[in-house]
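Summary of the model geometry
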Amino acid sequence: MNSELLEKDRKYLWHPYTQMKDYEKDYPVLIERAEGIHLYDHKGNVYYDTISSWWSNVHGHNHPHVQSAIKRQLEELDHVLFAGFTHKNAILLGEHLVRVSPRNLTKVFYSDNGSTACEVALKMSFQFWKNTGQGEKEKFIGLENGYHGDTIGAMSVGGVSVFQETFAPLLFSTFKIPSPYCYRCPCGKERENCAIECINPLEELLEKKNKEIAGIILEPLMQGSGGFIIYPVEYLKKVAELARMYNIHLIVDEVATGFGRTGKMFAVEHADVEPDFMCLSKGITNGSLPLSATLTTDEVYEAFYADYTENKTFYHGHTYTANPLSTAAGVASLELFKKENTLEKVSGTIATLHQNMQKFRDLDIVGDLRYIGMVAALELVKDKFTKEPIPFEKRIGFKVYKKGLKQGLLLRPLGNIIYLFLPLCVKEDELMDIIERTYSVIAAL
Ligand SMILES: Cc1ncc(COP(=O)(O)O)c(C=O)c1O
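These numbers come from a predicted model, not from an experiment. (Residues numbered from 1 in each chain as written. Predicted model: local features only at pLDDT ≥ 70, side-chain atom pairs only at ≥ 80, totals over all residues. Heavy atoms only, no water.)

Description of the pairing of strand E14 (residues 375-383)
E14 sits mainly inside the fold: seven of its nine residues count as buried. Linking strand E13 (residues 366-372) to E14, which pair antiparallel, is a turn of two residues; within it Gly-373 sits at a positive phi near 50°. By the bridge criterion, five bridges tie E14 to strand E16 (residues 417-421) in an arrangement that is antiparallel. Bridge pairing in E16 places Ala-377 opposite Tyr-419. The sheet contact formed by E14 and strand E15 (residues 388-389) spans two bridges and is antiparallel. (Buried < 20%, exposed > 50% of the residue type's maximum accessible area, 1.4 Å probe, protein only. Helix = DSSP H or I, 4+ residues; strand = E, 2+ residues; numbered from the N terminus. Pairing = 2+ DSSP bridges.)

In structure tokens, the structure reads:
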């Protein structure tokens, strides 16, 4: 039965971010069930889900509180359109999101994935300037190594060349500023003696062009898909100051960092920054169902609030906007933060993670170790002293993935970056076991 199923997978399916030819030799792993941090395949193998199933799981798979909220909701209402209609969970989740977000964020616009959460922010920002008589502000700034999703708009503000170079002719034009990549500093400095000089290109750009710029979008404190580039709080603070000073919107993409992953509910809290837009998805439903939200301010909302004839309406929406099952999962997942004291409890686990990762520094192949909250990343290099990267053709990340599976680990490296992106529910003994197993995979390379 299972081998038939896998044959059908090969026959009918096309998996994301995957060279399908790789399945000529091996099938994808057929997962039958999950619990906590564990995934169970059809052969009885157990894997630690060390990347929280693409960074979405927070409290553990199949958490009973989330499960029962979804089941209860399914008895009453599966789906209803969200234009002209509303429902309890969308309202409760909206209230809850506003309560836990930075003070100035008061309005919630739902969509259904991280890319669209960012697209919504970009479109709202763009239209805000039109609606308020400053229509010349049409351009966005993004960061090198920034990632905001795979739709055309999200790619346009992104800066990961390997994902977007093929599509370059389709993308709209944006300004790009250097990534605050301390290990490979764009200014040739060391963190210990730098004064965040990498912010200067942003300041110069804003000085010259602020009148045509609508906003800047960035991932706060951690550029995820661009290589787990974890950058100083001061950089984020300076970006926020400059955005205020030059009258452009600050759009923070918390799709990956949101919901406790950095040790606080949202990464912006580390810098005490109040953005104009905050994009959320992934962890919002504990990784159980698709949902996203773009939060914004009264000021932005008011700019769209007008008589119908003024044509200030935000013409954007998705069929599954605010799906009742997804929003039920969202409410339940946020309740768990309180019920299980998640953020207080995880601070000890974070300290254990950071402390026990230090030994990776001694391995010749490890050029850099970086971490924030429940995320830790290793940059593998050919030469530790020159920082020469391992050539792409070596496919080192793929080797780690294969070796990881044999060790009961779901590791899914990004090129030469091996990372743990752990759910907040991981227990200390599980954590130590994951670190040991990961160490043996890397040490054997
Ligand atoms: C920071 C960030 N923004 C946006 C996205 C896109 O989210 P989705 O894959 O749900 O479209 C991702 C996905 O990895 C992300 O990490």
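Some points on the site of the ligand
Every residue close to the ligand is listed here: Trp-55, Asn-113, Gly-114, Ser-115, Tyr-147, His-148, Gly-149, Glu-219, Asp-253, Val-255, Ala-256 and Lys-282. Interatomic distance of 2.8 Å between a backbone N/O atom of Gly-114 and an oxygen atom of the ligand. Lys-282 has a polar side-chain atom sitting 3.0 Å from an oxygen atom of the ligand. Protein chains shield 82% of the accessible area of the ligand, which is 390 Å² for the free molecule. Residues of the shell around the ligand, tallied by class, amount to four nonpolar, five polar and three charged. (Near = heavy atom within 4 Å. Polar contact = N/O pair within 3.5 Å; in protein donor to acceptor, adjacent residues only side chain to side chain. Areas by Shrake-Rupley, 256 points an atom, 1.4 Å probe, with all protein chains shown as cover. Nonpolar A, V, L, I, M, F, W, Y, C, P; charged D, E, K, R; others polar.)

Some points on the packing of helix H13 (residues 342-357) against helix H15 (residues 428-443)
Relative orientation of the contacting elements H13 and H15 amounts to 20°, with a least axis distance of 10 Å. If you check the angle between H13 and H15, you find them roughly parallel. Relative to H15, the crossing made by H13 is right-handed. In contact with Gly-348, Thr-349, Thr-352, Leu-353, Asn-356 and Met-357 of H13, H15 contributes Glu-428, Leu-431, Met-432 and Ile-435. (Axes fitted to C-alpha atoms, helices over the stretch in contact; angles between N-to-C directions. Parallel < 35°, antiparallel > 145°, perpendicular 65-115°, else oblique. Left-handed = near helix turned anticlockwise from the far one by under 90°. Contact = heavy atoms within 4.5 Å.)

What to know about the side chain of Asp-112
Summarising the element assignment, Asp-112 is placed in the loop between strand E4 (105-111) and helix H5 (114-131). Within the buried core, Asp-112 has no salt-bridge partner, and the shortest N-O distance to an opposite charge, that of Lys-123, equals 12 Å. Within the local environment of Asp-112, its side chain forms a polar contact with the side chain of Asn-113, the two groups lying 3.2 Å apart. Those residues in contact with Asp-112 that lie beyond four places of it in its chain are Pro-290, Leu-291, Ser-292, His-318 and Tyr-320. (Lys, Arg positive; Asp, Glu negative; His and termini not counted. Salt bridge = Lys/Arg side-chain N within 4 Å of Asp/Glu carboxyl O.)

A short note on unusual backbone geometry
In this structure, Ser-52 takes a positive phi of about 50° despite not being glycine. Mapped onto the fold, Ser-52 is located in helix H2 (residues 52-55). Even without a glycine there, the phi angle at Leu-221 is positive, about 70°. Given a relative accessible area of 1%, Leu-221 falls into the buried group.

With respect to helix H9 (residues 233-245)
Here H9 is 13 residues long and its end C-alpha atoms lie 19 Å apart, about the 18 Å a rise of 1.5 Å per residue gives. By the burial criterion, the buried members of H9 are Tyr-235, Leu-236, Val-239, Ala-240, Leu-242 and Ala-243. Buried positions in H9, seen along its axis, are confined to an arc of 165° and lie on one side of it. In H9, those exposed residues whose orientation departs by more than 90 degrees from the buried face are Glu-241 and Met-245. (Expected span 1.5 Å × (residues − 1). Arc of directions from axis to C-beta.)

Things to note about the domain arrangement of the protein chain
On domain assignment, one finds that the protein chain holds domain 1 (2-59 + 341-443) and domain 2 (66-339). Spacing between the C-alpha centres of domain 1 and domain 2 amounts to 26 Å. For domain 1, the biggest contributors to the area lost against domain 2 are Trp-55, His-59 and Ile-372; these three give 23% of the whole. Seen at the junction of domain 1 and domain 2, the total is one salt bridge. The closest approach of N and O atoms between Glu-379 and Arg-184, which form a salt bridge, is 2.8 Å. Linking domain 1 to domain 2 there are 23 residue pairs in polar contact (both at pLDDT 80 or more). Only H2, H13, E13, E14 and E16 provide two or more residues apiece to the side of domain 1 that touches domain 2. A per-element tally of the side of domain 1 that touches domain 2 places E13 first, with five residues. (Domains from an automatic or database assignment. Buried area = accessible area lost by both parts, 1.4 Å probe.)

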